Amino acid sequence: MNMITNHLPTKELQALDAAHHIHPFTAGAELAKKGARVITGARGVYLTDSDGNRILDAMAGLWCVNIGYGRDEIAEVAARQMRELPYYNTFFQTTHVPAIALAKKLAELVPGDLNHVFYAGSGSEANDTNIRLVRHYWAARGKPEKKVIISRKNAYHGSTVAAASLGGMAAMHAQGGLPIPDIHHIDEPNWYAQGGDQSPDAFGLERARQLERAIDELGEDRVAAFIAEPIQGAGGVIIPPDSYWPEIQRICDEREILLIADEVICGFGRTGNWFGSDTFSIRPDIMTIAKGLSSGYAPIGGSMVSDAVAQVIAEAGDFNHGYTYSGHPVSAAVALENLRILEEEAIIDTVRDDIAPYLREKWLQLADHPMVGEARIVGMVGSVALSPDKANRAPFATPPGTIGTICRDRCFANNLVMRHVGDRMIISPPLVLTRDDVDTLIERATRSIDEAYEQVKRKGLFTPA
Ligand SMILES: *Cc1c(COP(=O)(O)O)cnc(C)c1O
């Protein structure tokens, strides 16, 4: 057996981590001083750390552990697949059973005629694929100049060069010379922060029509696709106004462009239906999937592609693209077992009919708190905006994220994983949360916001910008 052990003292683990491990999206020097929290195990919706704390994971890892932790069936399937066929590729006219079985299952589950999958190892890779796929598609149709992809500010589509370029995260673009050419960003449908005096619906229409204007300005003959998350996740769980998606769909129907729904978070039950596209009546040509596809038990992602697009790609000769781990047999087998569990245990039905409404009722009550400007939730993904002046939806005078960090640290101290994005607090818990777990989540969240509020007032930071 190898030497992985959870039994070194926490301080030693933290010192080794600081010495040798560069963390994603982390200020390394700052973390090294503090020491990273060491997670040693997990069951259901609870994590255990190296100090023996039991932490309610209201983020499902990184929005992915939809079925919860510790499902033995998945471990069994992975072990069996590793013994049977641990690896083979799907390049050069070969295939294998897990890749086939998962492709068939996905074609059944995904809405519309998105009956074809191109496998990737992650959501980022799948979005890289999407860029090449849509450009190749239009080139194959004799329109090689159609290659601009329209996306949105504050979108998250992954962390590779291409996926981060598609994304609209200013802090990511600021490092490493992004975005790549021919990606165009329009504004996000963030009514709370940017809607001013407009009604949410009027604002939603205006933001959707930016897509129409962008197509006109760039030229329809140059635009390949529009990509968006049904609900912006990493951007702060920004739930668009009701008017937004129908108008986007109208524009995509009228114009000759492809619609890519990035369902990496919204897919596989997160919004209370199988896909965010079901919840918002979106009819995409391409859908990005990852995260909940395997509930995070193994890395896998993919692009679901419509019959029409797949046919053009198939007839255009070699698609010179692929990953060593496209359709990895262990990941595919794990994903298939995850989908079986989601389906046979009716987890998404339970979410839709019972747990999500229960959570919603309690979550929305957080809006009564003196430091909460709004509380929003769809299915099992929600957010609250912290504000020093609720009536005006005002931001704090402190740099964005200052108050969010204070609140996040209180959550940590109260054994709750709730993230902050700027000064928004966000949750995306496992779908298998029980009513008791919901009560615990709300109780810890409320206590954490209360404690943050006291601290913010004490430090004289409860002032609007
Ligand atoms: C997480 C995420 C990605 C990237 O997925 P990775 O597996 O981290 O590469 C892409 N799109 C959305 C909407 C995501 O939330």
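What counts, and where the lines are drawn
Residues numbered from 1 in each chain as written. Predicted model: local features only at pLDDT ≥ 70, side-chain atom pairs only at ≥ 80, totals over all residues. Heavy atoms only, no water. Pairing = 2+ DSSP bridges. Helix = DSSP H or I, 4+ residues; strand = E, 2+ residues; numbered from the N terminus. Contact = heavy atoms within 4.5 Å. Axes fitted to C-alpha atoms, helices over the stretch in contact; angles between N-to-C directions. Buried < 20%, exposed > 50% of the residue type's maximum accessible area, 1.4 Å probe, protein only. Near = heavy atom within 4 Å. Polar contact = N/O pair within 3.5 Å; in protein donor to acceptor, adjacent residues only side chain to side chain. Areas by Shrake-Rupley, 256 points an atom, 1.4 Å probe, with all protein chains shown as cover. Nonpolar A, V, L, I, M, F, W, Y, C, P; charged D, E, K, R; others polar. 1 Å grid on protein atoms, 1.4 Å probe; cavity = no way out; pocket = protein on both sides within 12 Å on 5 of 7 lines; lining within 4 Å. Points joined across faces, edges and corners; volume = space filled by probe spheres on them. Salt bridge = Lys/Arg side-chain N within 4 Å of Asp/Glu carboxyl O. Expected span 1.5 Å × (residues − 1). Phe/Tyr/Trp six-rings, centres within 6.5 Å; stacked < 30°, edge-to-face > 60°.

Colleague: Would you mind showing me how to read the sheet that holds strand 3 (residues 54-57) here?
Modeller: Sheets are built from strands paired through backbone hydrogen bonds, the pairs being either parallel or antiparallel. What the 4 strands build is an open sheet, ordered 1-2-3-13; its pairing is mixed. Two strands bound the open sheet, and with one partner strand each, they are strand 1 (39-43) and strand 13 (416-417). Two elements, strand 3 and strand 13, share 2 bridges in a ladder whose sense is parallel. Each bridged residue has a counterpart across the sheet, and for Leu-56 the counterpart in strand 13 is Leu-416. Each of strand 2 (46-49), strand 3 and strand 13 is contacted by helix 17 (residues 435-458), which is oriented at about 100° to strand 3, the strand it contacts most.

Colleague: Just checking my understanding: could you explain the pairing of strand 15 (residues 424-427) for this structure?
Modeller: Walk down a regular strand and you will see the side chains alternate between the two sheet faces. The two faces of strand 15 match: Arg-424 and Ile-426 on one face and Met-425 and Ile-427 on the other face are all buried. Where strand 14 (residues 419-421) meets strand 15, 3 bridges bridge the pair, whose relative direction is antiparallel. Counted as the bridge partner of Arg-419 is Ile-426 from strand 15. Here strand 14 hands over to strand 15 after 2 residues, with Gly-422 in that stretch at a positive phi of 60°.

Colleague: Help me understand the site of the ligand, please; the structure alone is not making it clear to me.
Modeller: Taken together, Ser-122, Gly-123, Ser-124, Asn-127, Tyr-156, His-157, Gly-158, Glu-229, Asp-262, Val-264, Ile-265 and Lys-291 make up the full set of residues adjacent to the ligand. Interatomic distance of 3.4 Å between a backbone N/O atom of Tyr-156 and a nitrogen atom of the ligand. A distance of 2.7 Å is found between an oxygen atom of the ligand and a side-chain nitrogen or oxygen belonging to Lys-291. Contact with the protein chains hides 84% of the accessible area of the ligand, taken as 380 Å² for the molecule alone. Taken together, the residues of the shell around the ligand sort by class into 3 nonpolar, 6 polar and 3 charged.

Colleague: Would you mind going over the sheet that holds strand 12 (residues 381-386) with me for this structure?
Modeller: Taking strand neighbours across the sheet as the criterion, the 4 strands line up as 11-12-15-14 in an open arrangement whose pairing is antiparallel. Edge positions in the open sheet fall to strand 11 (372-378) and strand 14, since each of these has one partner strand only. Averaged over neighbouring strand pairs, the angle between their axes works out to 25° when direction is ignored. In the sheet, strand 12 pairs with strand 15 via 4 bridges, with the strands oriented antiparallel. Across the sheet, the residue bridging to Gly-382 is Ile-427, located in strand 15.

Colleague: Can you help me understand the layout of surface pockets in this one?
Modeller: Vacant regions in the atomic arrangement are exposed by a probe of water-molecule size rolled over the atoms. For the second largest pocket, the calculated volume is near 810 Å³. Along the wall of the second largest pocket there are 27 residues; nearest its centre are Thr-90, Val-117, Phe-118, Phe-319 and His-321. Listing elements by their share of the lining of the second largest pocket, those giving two or more residues are helix 5 (97-109), strand 4 (116-120), strand 10 (301-305) and helix 13 (307-315). At 4 residues, the largest contribution of residues to the lining of the second largest pocket is made by strand 4. A class-by-class count of the residues in the lining of the second largest pocket yields 16 nonpolar, 10 polar and 1 charged.

Colleague: What should I look at first to understand the environment of Asp-368 in this one?
Modeller: Turning to its location among the elements, Asp-368 is positioned in the loop between helix 15 (347-365) and strand 11. Separated by 181 residues in sequence, Asp-368 and Asp-187 have C-alpha atoms that sit 29 Å apart.

Colleague: How should the pattern of salt bridges be read in this particular structure?
Modeller: If the charged atoms of two oppositely charged side chains come close together, the side chains can form a pair. The tally for this structure, following the rule as stated, stands at 29 salt bridges. With its nearest N and O atoms 3.2 Å apart, the salt bridge here joins Glu-108 to Lys-105. Of this pair, Glu-108 and Lys-105 both sit in helix 5, separated by 3 residues, roughly a single helical turn. What makes Lys-105 buried here is its relative accessible area of 16%.

Colleague: Even after reading the chapter, I still don't get helix 10 (residues 200-218), so can you show me in this structure?
Modeller: For helix 10, built from 19 residues, the straight-helix expectation of 27 Å at 1.5 Å per residue is met to within 8% by its first-to-last C-alpha distance of 27 Å. Of all the residues in helix 10, the buried ones are Phe-203, Gly-204, Arg-207, Ala-208, Gln-210, Leu-211, Glu-212, Ala-214, Ile-215 and Leu-218. The inward-facing, buried residues of helix 10 abut strand 5 (148-152), strand 6 (183-186), helix 9 (191-194), strand 7 (223-228) and helix 11 (244-254). Immediately beyond the C-terminal end of helix 10, within one or two residues, lies Gly-219, with a positive phi of roughly 95°.

Colleague: When you look at the environment of Phe-25 in this model, what are you seeing that I'm missing?
Modeller: Along the polypeptide, Phe-25 turns up in the loop between helix 1 (10-20) and helix 2 (28-34). Along the backbone, Phe-25 and Ile-377 are 352 residues apart, and their C-alpha atoms lie at a distance of 25 Å. Filtering out sequence-adjacent residues up to four positions away, Phe-25 remains in contact with Tyr-156, Ser-159 and Met-172.

Colleague: How should the packing of aromatic side chains be read in this particular structure?
Modeller: Each pair of aromatic rings is reported with the distance of its centres and the angle of its planes. Scanning all chains against the criterion turns up 10 aromatic pairs. Measuring from ring centre to ring centre gives 6.0 Å for Tyr-87 and Tyr-325, while their planes differ by 85°; the resulting arrangement is edge-to-face. Placement of Tyr-87 in the loop between helix 4 (72-84) and helix 5 and of Tyr-325 in the loop between helix 13 and helix 14 (329-344) is noted, with a sequence separation of 238 residues between them. For Tyr-87, a relative accessible area of 30% translates into the label partly exposed. The exposed category is assigned to Tyr-325, whose relative accessible area is 52%.

None of this, on its own, says anything about what the molecule does.
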